Amino acid sequence: MSFNFSNFTQDLKNLGDKFSNDFNNEFLPLAQRTSRMVQERMGKVNVDDISQLPSEYVELAEKCNNIEKLYKNVLKVTTNYENESYDYPTNLQESFTEFGKNFGNRVSNLSKATTPAEAQAALINPTTGEFKPPKTLYHALSRATDGSILTTGEQNNDPLIKGLDLYSSNLNKIGNARLGQDQLIKSKFNKPLTATLRQLISQSNNIQKKVDQKRIDYDLSRMNLTNCSNPSKEPNLRVIMENAEDEFANTVEDAINILQNVLENSKPLEEFLELVKAQLAYHKLATELLGGMVGEMEGFIDENAKSSGGANNSRESGDFDI
């Protein structure tokens, strides 16, 4: 098969034309926009040469941007709820085999703050089905104060042992409730906020970028027409400017509709309510358990004083002011 030089030359010319068209249609406008944007930010462009955006668009864009800023700032904090050990003492070295048997028997006493499935998922390794001691501050306190560490079953009537078991058991429940709170925040707050950022707020960002591009294209075309010194080129530059103006106006109109839809479908108050409800359920249970222990602990103190034959020192009971 003979080599056809004329066809090769034509293909090469077509390739060159395509590259030239792509450069003129894509890369050159992008470079011009970037240069113009930098000049505007540096204050090197006269304010009168920058097209003003409709106040309705500006207000909608600001509201969408504020929601994005709020969500990103909050998620920086609330994503910590997805890390079980966010309040776990960093300097604590525990032997989980020492506590494993005791707390393995207490899995059935999980907090009722969430569904049993959530509690089981939080405490049981889904791969092996083995008990996984939770690493939270309350669970650490519960393990550290378990009465079985200090004694055998023969001393279960000791007021100290009973008090420790009461405290340890209730703190274990509070720790489980904290895990339940974390699961709720993850599923009913973090996940919806992340979805809103990815689906709705991304629409806002994309249309705002497009508005900026069309506005700059229009301003550049106006500048080119104003600075034109060749009368023969003016008609073509005027057509380019008018087309750019139409595209700019149409894009702004589309943007207003999109931004309104984003705001209508973003529900920050409803989402924050779910955060409050999850936190309330946890703190309510913790308050009930801690408050209920006060009277029982005082009873153990009295019992201990009587058994030791000592006088019971007077105590002032009541709530602490924090």
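Basis of the calculations
Residues numbered from 1 in each chain as written. Predicted model: local features only at pLDDT ≥ 70, side-chain atom pairs only at ≥ 80, totals over all residues. Heavy atoms only, no water. Helix = DSSP H or I, 4+ residues; strand = E, 2+ residues; numbered from the N terminus. Buried < 20%, exposed > 50% of the residue type's maximum accessible area, 1.4 Å probe, protein only. Contact = heavy atoms within 4.5 Å. Areas by Shrake-Rupley, 256 points an atom, 1.4 Å probe, with all protein chains shown as cover. pLDDT = per-residue confidence, 0-100. Core = buried A, V, L, I, M, F, W, Y, C linked by side-chain atoms within 4.5 Å. Salt bridge = Lys/Arg side-chain N within 4 Å of Asp/Glu carboxyl O. Phe/Tyr/Trp six-rings, centres within 6.5 Å; stacked < 30°, edge-to-face > 60°. Patch = residues over 30% accessible without salt bridge, like charges linked within 9 Å, V, L, I, M, F, W, Y side chains within 5 Å. Axes fitted to C-alpha atoms, helices over the stretch in contact; angles between N-to-C directions. Parallel < 35°, antiparallel > 145°, perpendicular 65-115°, else oblique. Left-handed = near helix turned anticlockwise from the far one by under 90°. Nonpolar A, V, L, I, M, F, W, Y, C, P; charged D, E, K, R; others polar. Expected span 1.5 Å × (residues − 1). Bend = angle between axes of the 7 residues up to and from the residue.

(A) Quick peek at the overall build of the chain. Check the secondary structure of the chain and you find 8 helices and 0 strands. Ordered by position from the N terminus, the helices and strands of the chain form the series α-α-α-α-α-α-α-α. For the chain, buried positions account for 31% of its 322 residues. Here the contacts in the chain between residues at least 6 apart in sequence split such that 80% fall between residues at least 24 apart. As displayed, the chain offers around 21,000 Å² of accessible surface, 53% of which is attributable to carbon and sulfur atoms.

(B) Quick look at the confidence of the model for the chain. Of the residues in the chain, 69% reach a pLDDT of 70 or more, and the chain-wide mean stands at 80. Counted against residues more than four places away or in other chains, residues 100-114, with its pLDDT under 50, gives 33 contacts. Confidence drops under a pLDDT of 50 for residues 120-127, and excluding neighbours within four residues, the segment shows 16 contacts in the predicted structure.

(C) Up close: the environment of I67. Relative to the helices and strands, I67 is located in helix α2 (residues 55-78). Sequence separation of I67 and S266 is 199 residues, and the distance between their C-alpha atoms is 8.4 Å. If near-sequence neighbours (up to four positions away) are discounted, I67 is found in contact with I201, L263 and S266.

(D) Highlighting the nonpolar core. Core analysis: the biggest nonpolar cluster contains 30 residues, and Y57, I185, F189, V211, V252 and L259 have the highest contact counts within it. Broken down by secondary-structure element, the contributors of at least two residues to this core are α2, α6 (159-226), α7 (234-265) and α8 (268-308). Considering each element in turn, this core owes the most residues, 11 residues, to α6. With near-sequence residues (within four places) excluded, V252 lies in contact with L53, P54, Y57 and V211.

(E) Just the pattern of salt bridges, in detail. By the definition in use, this model includes 8 salt bridges. As a salt-bridge pair, D219 and R215 come within 3.0 Å of each other at their nearest N and O atoms. Of this pair, D219 and R215 both sit in helix α6, separated by 4 residues, roughly a single helical turn. Overall, the relative accessible area of 2% leaves D219 in the buried class. Three or more residues are tied together by salt bridges with common partners; here these are D87, R178 and D182.

(F) Region of interest: the packing of aromatic side chains. For the coordinates displayed, the defined rule picks out 3 aromatic pairs. Between Y81 and Y86 the ring centres are 5.5 Å apart and the planes differ by 85 degrees, which places this aromatic pair in the edge-to-face class.

(G) Representation of the side chain of H139. Of note, H139 is situated in helix α5 (residues 137-144). On the basis of relative accessible area, H139 is assigned to the buried category, the value being 2%.

(H) Structural view of a nonpolar patch on the surface. Residues I149, L150 and L160 make up a contiguous nonpolar surface patch of roughly 280 Å² in combined accessible area. Note that I149 resides in the loop between α5 and α6.

(I) How the structure looks around the packing of α6 against α7. Running from N to C, α6 and α7 point in directions that differ by 160 degrees, and their axes come no closer than 8 Å. Relative to α7, α6 is oriented roughly antiparallel. The chirality of how α6 crosses α7 is left-handed. Of the residues contributing to the contact of α6 with α7, the split by class is 16 nonpolar, 8 polar and 9 charged.

(J) Representation of the side chain of T251 within the structure. Here T251 lies in helix α7. Other than its neighbours up to four places away in sequence, T251 contacts I207, K210, V211 and K214.

(K) Broad picture of α7. Given a rise of 1.5 Å per residue, 32 residues ought to cover 46 Å, and the 46 Å separating the end C-alpha atoms of α7 matches this to within 8%. Close packing links the buried residues of α7 with α2 and α6.

(L) Geometry of α8. Here α8 spans 59 Å end to end across 41 residues, near enough to the 60 Å set by a 1.5 Å rise per residue. Its axis deflected by about 30 degrees at V294, α8 carries its strongest bend there. Close packing links the buried residues of α8 with α2, α5 and α6.

(M) Highlighting the packing of α5 against α6. The interhelical angle for the contact between α5 and α6, taken along N-to-C directions, is 160 degrees, at an axis separation of 8 Å. The angle between α5 and α6 falls in the class roughly antiparallel. Where α5 crosses over α6, the handedness of that crossing is left-handed. Between α5, through Y138, H139, L141 and S142, and α6, the contact on the second element is made entirely by Y167, S168, L171, N172, I174, G175, N176 and L179. When its residues are assigned to classes, the contact of α5 with α6 shows 6 nonpolar, 6 polar and no charged.

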